[in-house]
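Geometric and topological summary
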Amino acid sequence: MKSIDELNAIKQEYKSNVTIRTSDYETRIIVGMGNSGLVAGARDILKVIVKEVENAGLSGKVIVTQEARVSKVGCNPVVKIVEDGVKTAKYANVTAEMAKRIVDEHIKGGKIIEEYLLDESQEEA
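Read on for an overview of the structure. No experiment lies behind these values; they were computed from the predicted model shown. (Residues numbered from 1 in each chain as written. Predicted model: local features only at pLDDT ≥ 70, side-chain atom pairs only at ≥ 80, totals over all residues. Heavy atoms only, no water.)

Some remarks on a nonpolar patch on the surface
A cluster of nonpolar residues, Ile 4, Leu 7 and Ile 10, forms a patch on the protein surface that exposes about 290 Å² of accessible area. With respect to the helices and strands, Ile 4 occurs in helix H1 (residues 4–22). (Patch = residues over 30% accessible without salt bridge, like charges linked within 9 Å, V, L, I, M, F, W, Y side chains within 5 Å. Areas by Shrake-Rupley, 256 points an atom, 1.4 Å probe, with all protein chains shown as cover. Salt bridge = Lys/Arg side-chain N within 4 Å of Asp/Glu carboxyl O. Helix = DSSP H or I, 4+ residues; strand = E, 2+ residues; numbered from the N terminus.)

If you want it as structure tokens, here you go:
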């Protein structure tokens with residue numbers, strides 16, 4: 001059996017992980033978690049993004065969620081950034097390194113990474 005201190009530590013860790021994925025914020029990071037997204041590794045990308053947001057101290061400013069309909073066959077994993085007053089950006093074929101760069105440059109720095117964007121012709125497919 002675990003001690004009260006250990007249980008409280010587990011509770012606090014769980015609480016912070018849930019809060020970052022359930023609150024209402026101005027910036028939303030949405031990871032495509034449809035079947036093709038999951039097969040392409042979207043769950044791992046979600047974990048990387050959550051960790052990077054926490055490490056950057058953005059937990060109170062950014063929400064990380066998942067949606068099935070963001071996924072696009074042949075472009076997965078897809079990450080969508082929705083910000084108030086800013087054009088939505090959709091990133092395609094996101095890797096762990098790309099996810100880190102998206103949090104650093106786009107979320108923290110406010111600069112869309114053009115070379116990662118989902119091609120308009122891919123988006124309609």
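From this point, the discussion proceeds with the structure in view.
A short note on the nonpolar core
One finds Ile 29, Ile 49, Val 53, Val 79, Tyr 91 and Val 94 to be the most contacted residues of the largest nonpolar core, which totals 25 residues. Those elements that provide at least two residues to this core are strand E1 (27–32), helix H3 (42–55), strand E2 (62–67), strand E3 (79–83), strand E4 (86–91) and helix H4 (96–108). Beyond its immediate chain neighbours, meaning those up to four positions away, Tyr 91 contacts Pro 77, Val 78, Val 79, Ile 81, Ile 102, His 106, Ile 112, Ile 113, Tyr 116, Leu 117 and Leu 118. By size, the runner-up hydrophobic cluster in this structure holds 7 residues, among which are Ile 30, Val 70, Val 78 and Ala 92. (Core = buried A, V, L, I, M, F, W, Y, C linked by side-chain atoms within 4.5 Å. Buried < 20%, exposed > 50% of the residue type's maximum accessible area, 1.4 Å probe, protein only. Contact = heavy atoms within 4.5 Å.)

Structural notes on the packing of aromatic side chains
All told, the structure shown has 1 aromatic pair when counted by the stated rule. Measuring from ring centre to ring centre gives 6.3 Å for Tyr 91 and Tyr 116, while their planes differ by 80°; the resulting arrangement is edge-to-face. Highlighted residues: Tyr 91 in strand E4 and Tyr 116 in the loop between H4 and helix H5 (120–123), separated in sequence by 25 residues. On the basis of relative accessibility, which here comes to 0%, the residue Tyr 91 falls in the buried class. (Phe/Tyr/Trp six-rings, centres within 6.5 Å; stacked < 30°, edge-to-face > 60°.)

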